[in-house]
Amino acid sequence: MSVESEETKTFYVTTPIYYVNDRPHIGHTYTTGAADTVARYQRMRGRDVLFVTGTDEHAQKVVRAAEAAGTDPKSFADSVMTSYIEAWERMKISYDRFIRTSEEEHCRVVRHVFSRLVENGDIYRDRYEGWYCVPCETYLPEDEVLEERCCPDCGREVERLTEEAYFFRASAYSNDLLREIEANPELIQPDSRRNEVLSFIRQGLQDTCVSRANRGWGVPVPDDEEHVVYVWFDALINYLTVAGYAIDDAKFADVWPPDLQLMGKDILTRFHGSMWLAMLMALEIELPRLLFAHGWWVSAEGDKVSKSRGNIVDPIAEAEYLVAESGCTTDVAVDAVRYYMFREVTFGLDGTFSTEALFSRFNADLANDLGNLLNRTLPLVERFLDGVIEEPGPGAGELEDEVRRAVAISEEGYETLGFRAMLEGIWELLGATNKFVDERAPWDLYKQGKKVELAAVLYDVVDAIRIVALMIAPVMPSVSEEIWRQIGLGQMGAEIQWDDCRVGRLPAGARVRRGRPIFPRIDLDRVRQRAAATEQETEAEEKGEKMISFDDFTQVDLRIARVIDADPVEGADRLLKLVVDAGEDEPRQVVAGLAEQFAPRELIGENVVLVANLEPATIRGVESQGMILAAGEDEPLALIVPDRDVEPGERVR
Ligand code: MSP
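Just so you know, these numbers come straight off a predicted model, no measurement behind them.

Trainee: Explanation requested: the site of the ligand in the structure shown.
Mentor: Around the ligand, 24 residues are found, and the nearest of them are D56, G264, D266, W297 and V305. At a separation of 2.8 Å, a nitrogen atom of the ligand approaches a polar backbone atom of I17. Between the ligand and the protein, one listed contact pairs a nitrogen atom with a backbone N or O atom of W297 at 2.8 Å. Compared with its free state, where it exposes 670 Å², the ligand has 95% of that area covered by protein. With four residues, the single largest contributor to the shell around the ligand is strand β1 (residues 11-19). A per-class count over the shell around the ligand returns 13 nonpolar, eight polar and three charged.

Below, the structure written as structure tokens:
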């Protein structure tokens, strides 16, 4: 990731595009926040930047999530994708382009790439027989599936697929790819991840299936509408689409290759580190400059934080909690969360998210070190210099060595994604500056009438604060802006540019404007007490909630119903449309998610239990008047049926 000044190409940085069956959480925010930080830094260095994020919409699990929500995949994706846009706005993510894989332009590029690879023989048609993990959207070779037919990555049950399909000849690129990664240690980072990719490829890449049967969702394979392009193959191509590949040659020449592609460790080895690079080789396109895989945010128990594990951390809710407990502004709280993510854990390793640690860092690093320096310095400038920074006389520049050191560390940090060491380096400068104020005691200089020295000391301190504001701007843009305002630079229209990270660039004449403290301290004891009380309350509530009264139970009208007809619901793999006799004048129609476990014929004639007074709902365009009971939380394992013959319409108690 070079930032040499002769570099004229647009700095191109990507995040993965996020599945729309999920909503934004700390994991997504981590990848996107890191990309944002780098993009902001590069802009400060004067580079043109293309920073892209977006949504990955053609997954099978999106179809299922839409079905469960009683809507179609497109409307479902439309609604979830706005939750990403909103989250990124709140988290101050300055992306230049948001791509959706359902965009017409992207679908065209996918088809173009597919056809090109068919033409040069890198995609061929064959028969796929093997395993597929829907939650991971991954084809799994026979030897990788665990004995219990579980996915080695997520542990959930895999599905057997037997279908005609298209294959990408990844095997042909194994050796070249290996050579490329071995020769270029900068291509994949950190080293531990690079080694994982290398050992994966050393086993030999297998050809991968890149199509699925067309069930109405996905990019149709060119000249074969019976198949759609496999979601990962489709999604990876987004990086080409936004760069103008096969659309705008001049743009592509300027943007390509990506300077930085960021992702979590789970999607490096199999996808970005092998499939993606092999695809680029097959297309004869230059490889990215750097793929960087960060670690996971894990729960206290060591599990990855994710929706399916139900241990989600919502960064926006954390920021709101901070606002409530400290009284800072929402923008400052968002910056504090961003700061915490990059200061708490070395980028590349796993970390445990804890609200308590976030609050502690807010008090110690932000309120004490940074906030204090500002809050003690500005009143001194007001009192001793009438609030106006004077031209630095002789003797100024005493903090130059400390500043140089911190600037060098932070440049290195932004360029190598060593965010933690970088922030530590900046905080060392804050420490040195606080110490400088104590030692040079401007109040004594004032008393002793040493005006020139006093002005020089205060100049140095405000100048150091200015440089800190610049260095933290990519991580904490709103805080940086507020400091800029308080030290009078906002009003002077001074630009935020990296080149000004040098002592002596604070313009004389800046009028400081003390504002409210940016980081009002949090009373941690009070927070702990309140959290303990709330925990007790919720426990009590939960216990109470688990019990329902007999009256509540009798509200549910359960009846025996006999299935008289059953048909699949078109375009919905898991749904069946049942017609049942519940002892009423007319039979009812009920949509049930039973198709994967039961053949329609099996069900006809069965007596089942119907929730008869459930509000009607339209699922996949089909009206459903009730619900059939089955055992199994996520998927039906067995139907609930009476153990002897009873008449339809009989009440169940
Ligand atoms: N849609 C694919 C990416 C296609 S890119 C061509 C995908 N999406 S995802 O929404 O499941 O995950 C996106 C990113 O979020 C990944 O980089 C993943 O590593 C990251 N995280 C999801 N949960 C995470 C944590 N708990 N901690 C840190 N990041 C993790 O994969």
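Once you've had a look at it, read on.
Trainee: Would you take a moment to explain the packing of helix α14 (residues 400-416) against helix α17 (residues 451-472) for this structure?
Mentor: Where α14 meets α17, the closest approach of the two axes is 11 Å, and the angle between their N-to-C directions is 5 degrees. What the angle tells us is that α14 and α17 run roughly parallel. Here α14 contributes V403, A406, V407, S410 and Y414 to the contact with α17, which in turn contributes I467, M471 and I472. Taken together, the residues of the contact of α14 with α17 sort by class into seven nonpolar, one polar and no charged.

Trainee: It is not clear to me how the pattern of salt bridges should be interpreted in this structure. Could you clarify?
Mentor: Any two side chains of opposite charge can pair, given that their charged atoms come close. For the structure on display, the rule yields 55 salt bridges. For the salt bridge of E142 with R160, the shortest nitrogen-to-oxygen distance reads 3.3 Å. Taken together, the positions of E142 in the loop between β5 (138-140) and β6 (159-168) and R160 in strand β6 put the pair 18 residues apart, joining distant regions of the chain. Note that D499 and R502 form a salt bridge whose closest N and O atoms lie 2.9 Å from each other. Because the salt bridges share partners, they merge into one network encompassing E57, K74, D78 and R100.

Trainee: Mind showing me how you'd approach the state of the cysteines here?
Mentor: One way to say it: the disulfide is the covalent bond shared by the sulfur atoms of two cysteines. Scanning the model with the defined rule gives zero disulfides in all. Just so you know, C136 is unpaired, no disulfide at all, and the nearest cysteine sulfur is the one on C133, 3.8 Å from it. No disulfide involves C209; its sulfur sits 15 Å from the nearest other cysteine sulfur, which is in C133.

Trainee: Mind showing me how you'd approach the domain arrangement of the chain here?
Mentor: Many authors give the size of an interface as the accessible area that is lost as the parts come together. According to the domain assignment, the chain contains domain 1 (11-298), domain 2 (315-500) and domain 3 (556-639). The centre of domain 2, based on its C-alpha atoms, is set 63 Å off from the matching centre of domain 3.

Trainee: Teacher, can you tell me more about the environment of K451 here?
Mentor: Its place among the elements puts K451 in helix α17. Residues K451 and F384, spaced 67 residues apart in sequence, show a C-alpha to C-alpha distance of 8.9 Å.

Trainee: What is the right way to look at the layout of surface pockets in this model?
Mentor: Empty space among the atoms becomes visible once a probe the size of a water molecule is rolled across them. For the second largest pocket, the calculated volume is near 510 Å³. Together, 26 residues line the second largest pocket, and P141, Q206, D207, T208 and R270 are the ones closest to its centre. Listed by contribution, the elements that provide at least two residues to the lining of the second largest pocket are β4 (123-133), β5, β6, β8 (208-209) and α10 (268-282). A per-element tally of the lining of the second largest pocket places α10 first, with four residues. Class assignment of the residues belonging to the lining of the second largest pocket gives a composition of 13 nonpolar, seven polar and six charged.

Trainee: Mind showing me how you'd approach the packing of helix α13 (residues 355-385) against helix α15 (residues 419-440) here?
Mentor: Each pair of packed helices can be described by the angle between their axes along with the distance between the axes. At a minimum axis distance of 10 Å, the contact between α13 and α15 shows a crossing angle of 40 degrees. Judged by the angle between their axes, α13 and α15 are oblique. Helix-helix and strand crossings are classified by hand; for α13 and α15 the assignment is left-handed. Residues D365, L366, D369, L370, L373 and R376 of α13 form the contact with α15, whose own contacting residues are W427, L430, T433, N434, V437 and D438. A breakdown of the residues in the contact of α13 with α15 according to their chemical character gives six nonpolar, two polar and four charged.

Trainee: Would you mind showing me how to read the pairing of strand β3 (residues 97-100) here?
Mentor: Side-chain direction in a regular strand flips from residue to residue, so the side chains alternate between the two faces of the sheet. Residues R97 and I99 line one face of β3 and the alternating positions F98 and R100 line the opposite face, and both faces are buried. Where strand β2 (residues 49-56) meets β3, four bridges bridge the pair, whose relative direction is parallel. Across the sheet, residue G54 finds its bridge partner in β3, namely I99.

Trainee: I keep staring at the environment of L506 and nothing clicks. Help me out?
Mentor: Relative to the elements of secondary structure, L506 occurs in the loop between α18 (477-486) and α19 (524-546). Taking relative accessible area as the criterion, L506 reaches 2% and is therefore assigned buried. For the pair L506 and D463, spaced 43 residues apart in sequence, the C-alpha to C-alpha distance is 5.5 Å. Not counting residues within four places of it along the chain, the set of residues in contact with L506 comprises I389, Y459, V462, D463, R466 and L489.

Trainee: What is the right way to look at the sheet that holds β6 in this model?
Mentor: In any sheet, the strands associate via hydrogen bonds between backbone groups, in a parallel or an antiparallel arrangement. Read across the sheet, four strands follow the order β5-β4-β6-β8 without closing on themselves; strand pairing throughout is antiparallel. Only two strands of the sheet have a single partner each, and these edge strands are β5 and β8. Where β4 meets β5, three bridges bridge the pair, whose relative direction is antiparallel. Each bridged residue has a counterpart across the sheet, and for C133 the counterpart in β5 is T138.

Trainee: What is the right way to read a negative patch on the surface from this model?
Mentor: On the surface, E535, E537, E539, E541 and E542 cluster together into a negatively charged patch. Checked against the element boundaries, E537 lands in helix α19.

Trainee: Looking at this structure, how should I read the sheet that holds strand β12 (residues 260-264)?
Mentor: Ordered by their spatial adjacency, six strands build an open sheet running β3-β2-β1-β12-β13-β7, and the pairing between neighbours is parallel. The strands lining the two open edges of the sheet, one partner per strand, are β3 and β7 (188-189). Sheet analysis places β7 next to strand β13 (residues 291-294), joined by two bridges and oriented parallel. Within the sheet, the bridge partner assigned to I188 lies in β13 and is L291. The strands touched by helix α1 (residues 26-44) are β1, β2, β12 and β13; relative to β1, the strand with the most contacts, the crossing angle is about 165 degrees.

Trainee: Explain empty space enclosed by the protein to me, please; I cannot follow it from the model alone.
Mentor: Tallying each qualifying case throughout the model produces three cavities of 30 Å³ or more. Put simply, the largest cavity is a space of about 70 Å³. Q60, V63, A213, R215, G216, W217, G571 and D573 together form the lining of the largest cavity. Residue composition of the lining of the largest cavity, by class: three nonpolar, three polar and two charged. For the second largest cavity, the calculated volume is near 50 Å³. In this structure, the second largest cavity is lined by H58, Q60, Y132, E137, R212, W217, G218, V228, V229, Y230 and V231. Residues belonging to the lining of the second largest cavity are distributed by class as follows: six nonpolar, three polar and two charged.

Definitions and limits used
Residues numbered from 1 in each chain as written. Predicted model: local features only at pLDDT ≥ 70, side-chain atom pairs only at ≥ 80, totals over all residues. Heavy atoms only, no water. Near = heavy atom within 4 Å. Polar contact = N/O pair within 3.5 Å; in protein donor to acceptor, adjacent residues only side chain to side chain. Areas by Shrake-Rupley, 256 points an atom, 1.4 Å probe, with all protein chains shown as cover. Helix = DSSP H or I, 4+ residues; strand = E, 2+ residues; numbered from the N terminus. Nonpolar A, V, L, I, M, F, W, Y, C, P; charged D, E, K, R; others polar. Axes fitted to C-alpha atoms, helices over the stretch in contact; angles between N-to-C directions. Parallel < 35°, antiparallel > 145°, perpendicular 65-115°, else oblique. Contact = heavy atoms within 4.5 Å. Salt bridge = Lys/Arg side-chain N within 4 Å of Asp/Glu carboxyl O. Disulfide = S-S within 2.5 Å. Domains from an automatic or database assignment. 1 Å grid on protein atoms, 1.4 Å probe; cavity = no way out; pocket = protein on both sides within 12 Å on 5 of 7 lines; lining within 4 Å. Points joined across faces, edges and corners; volume = space filled by probe spheres on them. Left-handed = near helix turned anticlockwise from the far one by under 90°. Buried < 20%, exposed > 50% of the residue type's maximum accessible area, 1.4 Å probe, protein only. Pairing = 2+ DSSP bridges. Patch = residues over 30% accessible without salt bridge, like charges linked within 9 Å, V, L, I, M, F, W, Y side chains within 5 Å. Lys, Arg positive; Asp, Glu negative; His and termini not counted. Charge placed at Lys NZ, Arg CZ, Asp CG, Glu CD.

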